[in-house]
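Chain by chain, the residues:
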Amino acid sequence: MQHLLLDGTSPRRPRTPRSRTRTAKGVFAAALATASLVAASVTGAHAADNPYERGPAPTQSSIEASRGSYATSQTSVSSLSVTGFGGGTIYYPTSTADGTFGAVAISPGFTATQSSIAWLGPRLASQGFVVFTIDTNTTADQPASRGRQLLAALDYLTTRSTVRGRIDSTRLGVMGHSMGGGGSLEAAKSRTSLKAAIPLTGWNTDKTWPELRTPTLVVGADGDTVAPVATHSEPFYNTLPGSLDKAYLELRGASHFTPNTSNTTIAKYSVSWLKRFIDDDTRYEQFLCPLPQASLTIAEYRGNCPHTS
Ligand code: 9J3
Ligand code: ZN
């Protein structure tokens, strides 16, 4: 956030005789600021700087846990009741006490259905997101189609679904496995207002993504022989703009299908990425920067931390 000095000058702006002059307006602003500081310290209230942060301060154990702090509910969306995608399941925090949440749509891969990515539903929703795991129109749909379907699913979620009132429609993201991951890149390319994209062992014939403006975490698997990282995830990551918030996580000892069952490494960095970029929640920056080190579960991690906060 931008920290303002009490006299209303920007911290980076060099002080000039003009800016040192305390106008009546400046004095009034200073008095107001002091009054609110006093009020805050008297009540002991800690109003969050960020209106979008949800849930308690995170720890390593909270981002690795199989569930976050929110109890979740789920509701099924029939393919017969929607157009543009194949229906799915919405997972969401049960409580309405914390206001609205950001939302994420997730697409499965070629030949697969929502069941192949279902573990991400409650895992991410319990951290404070509305999560829509979708079916595609047909299981043979290609990445560009999956991208359009992810967007149709987000539109349904925010305008028609029974949980639309629980969602902040300005804070949306996309994820997907394999061709669904390729689809998440397609969705972000066509809707640059998306706040986060996470392709999981993504597959696409398009290897270049300079058009994206969405913070993107590319997740590859070192043993992937279906979408080898050298011809999929690595060029996807490398061709994203250098000016973008981006990261590349290569899972160690992992296959193309590792994202199809619950995985702590995928979860902890996905939660951190979604929190940081959908919720603007800088409390999660500690898990992304400095860059995670290679480990038993991480073959490689690349990224550009300088763009955070
Ligand atoms: O969604 C995927 O698993 C894509 C990988 C694949 O099977 O591509 C071959 C056409
Ligand atoms: Zn391209």
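As the structure is a prediction and not an experimental result, all values here were calculated from the model.

A separate point is the environment of Thr72. Assignment of secondary structure puts Thr72 in strand 1 (residues 72-77). Leaving out residues up to four positions away in the same chain, Thr72 has contacts with Tyr92, Pro93, Thr94, Pro122, Ala125 and Ser126.

Further remarks concern the site of ligand 1. What surrounds ligand 1 is the set Gly109, Phe110, Ser178, Met179, Trp203, Val226 and His256. Within the side chain of Ser178, one N or O atom sits 2.4 Å away from an oxygen atom of ligand 1. Within the contact set of ligand 1, an oxygen atom lies 2.8 Å away from a backbone nitrogen or oxygen of Met179. A total of 320 Å² of accessible area belongs to ligand 1 in isolation, and the protein chains cover 74% of it. When its residues are assigned to classes, the shell around ligand 1 shows 4 nonpolar, 3 polar and no charged.

With that settled, consider the packing of aromatic side chains. Applying the stated rule across the entire model yields 9 aromatic pairs. Between Phe85 and Tyr156, the aromatic rings sit 6.0 Å apart at their centres with planes inclined by 55 degrees, giving tilted as the arrangement. One end of the pair, Phe85, is in the loop between strand 1 and strand 2 (88-93); the other, Tyr156, is in helix 5 (residues 143-159), and 71 residues separate them in sequence. Assessed through its relative accessible area of 2%, Phe85 is described here as buried. Ring centres of Tyr269 and Tyr301 lie 5.8 Å apart, and the angle between their planes is 55 degrees; this geometry places the pair in the tilted category. Taken as a pair, Tyr269 in helix 8 (residues 264-278) and Tyr301 in strand 9 (residues 298-303) lie far apart in primary sequence, 32 residues in all.

Residue position: Thr136 is located in the loop between strand 4 (129-134) and helix 5. For Thr136, the side chain forms a polar contact with the main-chain oxygen of Thr138, separated by 3.0 Å. Discounting chain neighbours no more than four positions away, the residues touching Thr136 are Gly86, Ser107, Asp141, Arg146 and Gln149.

In a regular helix each residue adds 1.5 Å, so 17 residues correspond to 24 Å; helix 5 covers 24 Å between its end C-alpha atoms and thus fits that length. The element helix 5 is extensively covered by neighbouring structure, given that 13 of its 17 residues are classed as buried.

With 83% of its residues at a pLDDT of at least 70, the protein reaches an overall mean of 89. Note on residues 1-44: pLDDT under 50 across the span, and 22 contacts to partners over four residues away in sequence or across chains.

Pairing within the open sheet is mixed, and its 9 strands lie in the order 1-2-4-3-5-6-7-8-9. Here the strands that pair on one side only, and so sit at the sheet edges, are strand 1 and strand 9. Ignoring strand direction, the axes of neighbouring strands in this sheet form an average angle of 15 degrees. Strand direction decides the pairing type here: strand 8 (residues 246-251) and strand 9, joined by 5 bridges, are antiparallel. The residue bridging Leu251 from the neighbouring strand is Ile298, located in strand 9. Where helix 6 (residues 179-190) meets the sheet, it contacts strand 3 (101-107), strand 5 (167-177), strand 6 (196-200) and strand 7 (216-221), and its direction lies at approximately 140 degrees from that of strand 5. Helix 8 rests against strand 3, strand 4, strand 5, strand 6, strand 7, strand 8 and strand 9 of the sheet, and its axis sits at about 160 degrees to strand 6.

Calculation notes
Residues numbered from 1 in each chain as written. Chains lettered and ligands numbered in written order. Predicted model: local features only at pLDDT ≥ 70, side-chain atom pairs only at ≥ 80, totals over all residues. Heavy atoms only, no water. Helix = DSSP H or I, 4+ residues; strand = E, 2+ residues; numbered from the N terminus. Contact = heavy atoms within 4.5 Å. Near = heavy atom within 4 Å. Polar contact = N/O pair within 3.5 Å; in protein donor to acceptor, adjacent residues only side chain to side chain. Areas by Shrake-Rupley, 256 points an atom, 1.4 Å probe, with all protein chains shown as cover. Nonpolar A, V, L, I, M, F, W, Y, C, P; charged D, E, K, R; others polar. Phe/Tyr/Trp six-rings, centres within 6.5 Å; stacked < 30°, edge-to-face > 60°. Buried < 20%, exposed > 50% of the residue type's maximum accessible area, 1.4 Å probe, protein only. Expected span 1.5 Å × (residues − 1). pLDDT = per-residue confidence, 0-100. Pairing = 2+ DSSP bridges. Axes fitted to C-alpha atoms, helices over the stretch in contact; angles between N-to-C directions.

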